[in-house]
Amino acid sequence: MANTNTKASFKLSWKIGIGFAVSLLLLCTVAGLGYRAMSGTETRFTAYRSVARCNNVLGRIQGNMLEARVSAMKYVASGKQASADEFNKRLNSIHELVTEAAGVVSNAQDEQQIEKIGKTIDAYTQAFGQIVPLVTERNQLLADVFRVEGATALDELTKVIE
């Protein structure tokens, strides 16, 4: 009687050989897929690094701008020169960071945004320059007029009340 079972008809060495070949085929398939997945990693990482560096510089610009605005508000409120000096220090940092950001960006849209930031910072600096003489004038009026006249008015009011 002839053996019709195909598994039984193969010799053990053929079974081991076919199993080894299938294992090698699966190994090569996995290796090929891994290579294909990893081959684009360098370009993707380079793009990610560029975006991360740009975002880092923009975050530093934003932080310095916030500090500059706070210093400007303190200067307007108090008229102290230390606040104006802090404002100027922050603006110098922002100008350096804008220059750095211009070298970091990789596409035209980001370059336009950096230019826009630079122009906005220049306008803000110009506006602060217009405020400085006004604050100086206010401080002079407070020292020369209001404190002297205020004391006189207070004395007169005290006399009227008594």
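Only a predicted model underlies this, so the values are computations on that prediction, with no experimental measurement involved. (Residues numbered from 1 in each chain as written. Predicted model: local features only at pLDDT ≥ 70, side-chain atom pairs only at ≥ 80, totals over all residues. Heavy atoms only, no water.)

So, the overall build of the protein chain: which residues are in play, and what are the values?
What the protein chain contains, in helices and strands, is 5 helices and 0 strands. What you see in the protein chain, going N to C, is helices and strands ordered as α-α-α-α-α. Radius of gyration (C-alpha) of the protein chain: 37 Å, far over the 15 Å computed for a compact globule of 162 residues. For the protein chain, the spread of C-alpha atoms along the three principal axes comes to 140 × 40 × 20 Å. Here the protein chain, with 162 residues, has 17% of them falling under the buried criterion. In the protein chain, once contacts between residues fewer than 6 apart in sequence are set aside, the share between residues at least 24 apart is 71%. As displayed, the protein chain offers around 12600 Å² of accessible surface, 61% of which is attributable to carbon and sulfur atoms. (Helix = DSSP H or I, 4+ residues; strand = E, 2+ residues; numbered from the N terminus. Rg over C-alpha atoms; globule rule 2.2 N^0.38 Å. Buried < 20%, exposed > 50% of the residue type's maximum accessible area, 1.4 Å probe, protein only. Contact = heavy atoms within 4.5 Å. Areas by Shrake-Rupley, 256 points an atom, 1.4 Å probe, with all protein chains shown as cover.)

So what's going on with the nonpolar core? Which residues, and what values?
The biggest cluster of nonpolar side chains holds 20 residues, and the ones touching the most others in it are Ile61, Phe87, Ile94 and Phe128. Where this core is concerned, the elements lending two or more residues are α3 (41–78), α4 (81–104) and α5 (108–161). Here the element with the most residues in this core is α4; it accounts for 8 residues. Excluding its chain neighbours within four sequence positions, the residues that come into contact with Phe128 are Ala72, Tyr75, Ala84 and Phe87. (Core = buried A, V, L, I, M, F, W, Y, C linked by side-chain atoms within 4.5 Å.)

Tell me about the pattern of salt bridges, and name the residues and values.
Where charged atoms from two side chains of opposite charge come close, those side chains can pair. Scanning the model with the defined rule gives 2 salt bridges in all. One salt bridge in this structure joins Glu100 and Arg60, with 3.9 Å as the shortest N-O distance. Linking Glu100 in helix α4 with Arg60 in helix α3, this pair joins segments that are 40 residues apart in sequence. Of the residues examined, Arg60 reaches a relative accessible area of 39% and is grouped as partly exposed. Across the pair Arg90 and Glu86 runs a salt bridge, and its minimum N-O distance is 2.9 Å. Linking Arg90 with Glu86, this pair stays in helix α4, spanning 4 residues, or about one helical turn. (Salt bridge = Lys/Arg side-chain N within 4 Å of Asp/Glu carboxyl O.)

Summarise a nonpolar patch on the surface; cite the residues concerned and give the values.
A surface patch of nonpolar side chains, amounting to about 520 Å² of accessible area, comprises Phe10, Trp14, Ile18, Val22 and Leu26. Assignment of secondary structure puts Val22 in helix α2 (residues 12–39). (Patch = residues over 30% accessible without salt bridge, like charges linked within 9 Å, V, L, I, M, F, W, Y side chains within 5 Å.)

Explain α2 to me, and be specific about the residues and the numbers.
Here α2 spans 40 Å end to end across 28 residues, near enough to the 40 Å set by a 1.5 Å rise per residue. Counting buried residues in α2 gives 0 out of 28 residues, a small share hidden from the surface. (Expected span 1.5 Å × (residues − 1).)

Quick one: what's the story with the packing of aromatic side chains, residue by residue and with numbers?
All chains considered together, the criterion is met by 4 aromatic pairs. Seen from their ring centres, Phe87 and Tyr124 are 5.9 Å apart, and the 40 degrees between their planes marks the pair as tilted. Taken together, the positions of Phe87 in helix α4 and Tyr124 in helix α5 put the pair 37 residues apart, joining distant regions of the chain. By relative accessible area, which is 0% here, Phe87 ends up buried. Here the aromatic cluster, defined as three or more aromatic residues joined through ring pairs, consists of Tyr75, Phe87, Tyr124 and Phe128. (Phe/Tyr/Trp six-rings, centres within 6.5 Å; stacked < 30°, edge-to-face > 60°.)

Can you tell me about α3, naming the residues and giving the values?
The end-to-end C-alpha distance of α3 is 54 Å, a good match for the 56 Å that 38 residues give at a rise of 1.5 Å each. Taken as a whole, α3 has its buried residues at Ser50, Cys54, Val57, Ile61, Asn64, Met65, Ala68, Ser71, Ala72 and Tyr75. Structurally, α3 contributes buried residues whose contacts are with α4 and α5. Just beyond α3, the residue with positive phi is Gly79, at close to 75 degrees.

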